[in-house]
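Each chain, letter by letter, is given below.
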Amino acid sequence: MKLEIKKEVLKAINEGKGVVALESTIISHGMPYPENYAMAQKVEKIIRDEGAIPATIAIINGVIKVGLDNDELLYLSQAPNVLKVSKRDFGYCVSKKLTGATTVSGTMIVANLAGIKVFATGGIGGVHRNGENTFDISRDLEELASLNVAVVCAGAKSILDLGLTLEYLETKGVEVIGYKTSKLPAFFTKSSEFNVTHRLDSAKEVAALLDAKWKLIDGGVVVANPIPEKDSLDEKMINKIINDALVEAAEKGISGKETTPFLLAKVKELTEGKSLEANLALVYNNAKVAAQIAKELESVSK
Ligand code: PSU
Ligand code: MN
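Let us look at the structure shown here. (Residues numbered from 1 in each chain as written. Chains lettered and ligands numbered in written order. Predicted model: local features only at pLDDT ≥ 70, side-chain atom pairs only at ≥ 80, totals over all residues. Heavy atoms only, no water.)

## As for the site of ligand 1
Part 1 of the reasoning: Surveying the vicinity of ligand 1 reveals 13 residues, the closest of which are Glu23, Lys84, Ser138, Lys157 and Thr260.
Part 2 of the reasoning: Measuring from an oxygen atom of ligand 1, one finds a side-chain N or O atom of Ser138 at 2.7 Å.
Part 3 of the reasoning: Relative to its unbound accessible area of 470 Å², ligand 1 is 92% covered by the protein chains.
Part 4 of the reasoning: Residue classes in the shell around ligand 1 are distributed as three nonpolar, six polar and four charged. (Near = heavy atom within 4 Å. Polar contact = N/O pair within 3.5 Å; in protein donor to acceptor, adjacent residues only side chain to side chain. Areas by Shrake-Rupley, 256 points an atom, 1.4 Å probe, with all protein chains shown as cover. Nonpolar A, V, L, I, M, F, W, Y, C, P; charged D, E, K, R; others polar.)

Now the structure itself:
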């Protein structure tokens, strides 16, 4: 695949400076305009404030971009019919010269080709509830299985089956690190009933783990960073809303790649915007930790 890497990003990669990849499905499908545009700019600023370089990844008119300028961010935030691009969509999107927003899996593929090791997002995809029957398992988990990219996220939403998601990640050999926690965060809430594989308490330790792992074996790492306490939502309220959203999705026969965007939009609607605020807070928190890890990696891998 041919990539167009923004100048400052390429320079940072070549000099071994900290770079943080950012996905774009969260912009096009995860949040409404104008909040999505403000979010996309603010995460980049947070990363810069930590001394690292942000690289938002997307496909603009068929060109795979690593690092977007402000006009491109704005375009992606407003453009109708932006394609949601996971691994299976690259050929179509590029050959038809379409605009596409990369999911966690799509972003990992591009980040890996560009040589970016750290990636910040909100939540990863996973095994959907009833996935044992529908086979609805996000491609995100396959890319985590094989690519040397660390994904800093707030765990996964309980629109998914978190237990099955962890089992799948274990089968695929993905280390799921709790950042200052032993419990898997559940996106809107700080924890779930599930344990992570290992807990680490600093960006330095995470960087050391990545370095040690990648000297031996290939594969992704999940850095599960809980939403800050003050921003987390009430667990009972959010669980009820997620259940209602799941019932509605089943009634409407939503399936395939529409499932996750449908559930996200429904949760947002039913929480009257509270979920959006929480979503923003956790993304900013993840960007900060990802930038710190990227900075620590600068010294560790020399
Ligand atoms: N979960 C969220 N917010 C998101 C997504 C997931 O809480 O924006 C997006 C990410 O881009 C993720 C994708 O990679 O949805 C997963 O989609 P699917 O379940 O269709 O694989
Ligand atoms: Mn799916």
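## Some remarks on the side chain of Ser86
Part 1 of the reasoning: Counting through the fold element by element, Ser86 comes out in the loop between β5 (83-85) and α5 (90-95).
Part 2 of the reasoning: A relative accessible area of 15% places Ser86 in the buried class. (Helix = DSSP H or I, 4+ residues; strand = E, 2+ residues; numbered from the N terminus. Buried < 20%, exposed > 50% of the residue type's maximum accessible area, 1.4 Å probe, protein only.)

## Some points on the packing of aromatic side chains
Part 1 of the reasoning: A full pass over the atoms with the stated rule returns one aromatic pair.
Part 2 of the reasoning: Pairing Phe187 with Phe188 gives two aromatic rings, centres 4.9 Å apart and planes at 85°, and the pair type is edge-to-face.
Part 3 of the reasoning: Overall, Phe188 belongs to the buried group, its relative accessible area being 2%.
Part 4 of the reasoning: Above the face of the Trp214 ring, Lys117 is positioned so that its terminal group lies 5.5 Å from the ring centre.
Part 5 of the reasoning: Of note, Lys157 hangs over the ring of Phe187, and the distance from its end group to the ring centre comes to 3.7 Å. (Phe/Tyr/Trp six-rings, centres within 6.5 Å; stacked < 30°, edge-to-face > 60°. Lys NZ or Arg CZ within 6 Å of the ring centre and 35° of its normal.)

## Points about the pairing of strand β2 (residues 19-22)
Part 1 of the reasoning: In β2, alternate side chains face the same way, and those of Val19 and Ala21 on one face and Val20 and Leu22 on the other are all buried.
Part 2 of the reasoning: One ladder, built from four bridges, connects β2 with strand β3 (residues 53-60); its direction is parallel. Note that in β3 the partner of Val20 across the bridge is Pro54.
Part 3 of the reasoning: Across three bridges, the pairing between β2 and strand β7 (residues 118-120) is parallel. The partner of Val20 across the bridge, within β7, is Val118. (Pairing = 2+ DSSP bridges.)

## Some points on the pattern of salt bridges
Part 1 of the reasoning: Counting across every chain of the model gives 20 salt bridges.
Part 2 of the reasoning: Ionic pairing is found between Lys252 and Glu248, a salt bridge with its closest N-O pair at 2.7 Å. Note that Lys252 and Glu248 are positioned in helix α11 (residues 235-252) at a spacing of four residues, about one turn of the helix.
Part 3 of the reasoning: Residue Lys252 is classed as exposed on the basis of its relative accessible area, which comes to 52%.
Part 4 of the reasoning: Ionic pairing is found between Lys295 and Glu298, a salt bridge with its closest N-O pair at 3.1 Å. Here Lys295 pairs with Glu298, and both are found in helix α13 (residues 274-300), just three residues apart, close to one helical turn. (Salt bridge = Lys/Arg side-chain N within 4 Å of Asp/Glu carboxyl O.)

## Points about the environment of Ala38
Part 1 of the reasoning: Of note, Ala38 is situated in helix α3 (residues 35-49).
Part 2 of the reasoning: A residue is classified by how much of its surface remains accessible, and Ala38, at 43% relative accessible area, is partly exposed.
Part 3 of the reasoning: As a C-alpha pair, Ala38 and Ser77 span 39 residues in sequence and 9.3 Å in three-dimensional space.

## Digging into the nonpolar core
Part 1 of the reasoning: In terms of nonpolar packing, the biggest core is built from 103 residues, with Met39, Ile116, Leu144, Leu210 and Ile293 touching the most fellow members.
Part 2 of the reasoning: If one sorts the elements of this core by residue count, α13 sits on top with 13 residues.
Part 3 of the reasoning: When sequence neighbours within four positions are dropped, the list of residues in contact with Leu210 reads Ala150, Val221, Ile293 and Leu297. (Core = buried A, V, L, I, M, F, W, Y, C linked by side-chain atoms within 4.5 Å. Contact = heavy atoms within 4.5 Å.)

## Observations concerning unusual backbone geometry
Part 1 of the reasoning: Between Tyr33 and the following residue, Pro34, the backbone shows a cis peptide bond with an omega angle of 5°.
Part 2 of the reasoning: Within the secondary structure, Pro34 is located in the loop between α2 (25-28) and α3.
Part 3 of the reasoning: Of note, the phi angle at Asn130 is positive, near 70°, even though the residue is not glycine.
Part 4 of the reasoning: You will see that Lys180, though not glycine, has its phi angle at about 60°, which is positive.
Part 5 of the reasoning: Counting through the fold element by element, Lys180 comes out in the loop between β9 (175-179) and β10 (198-200).

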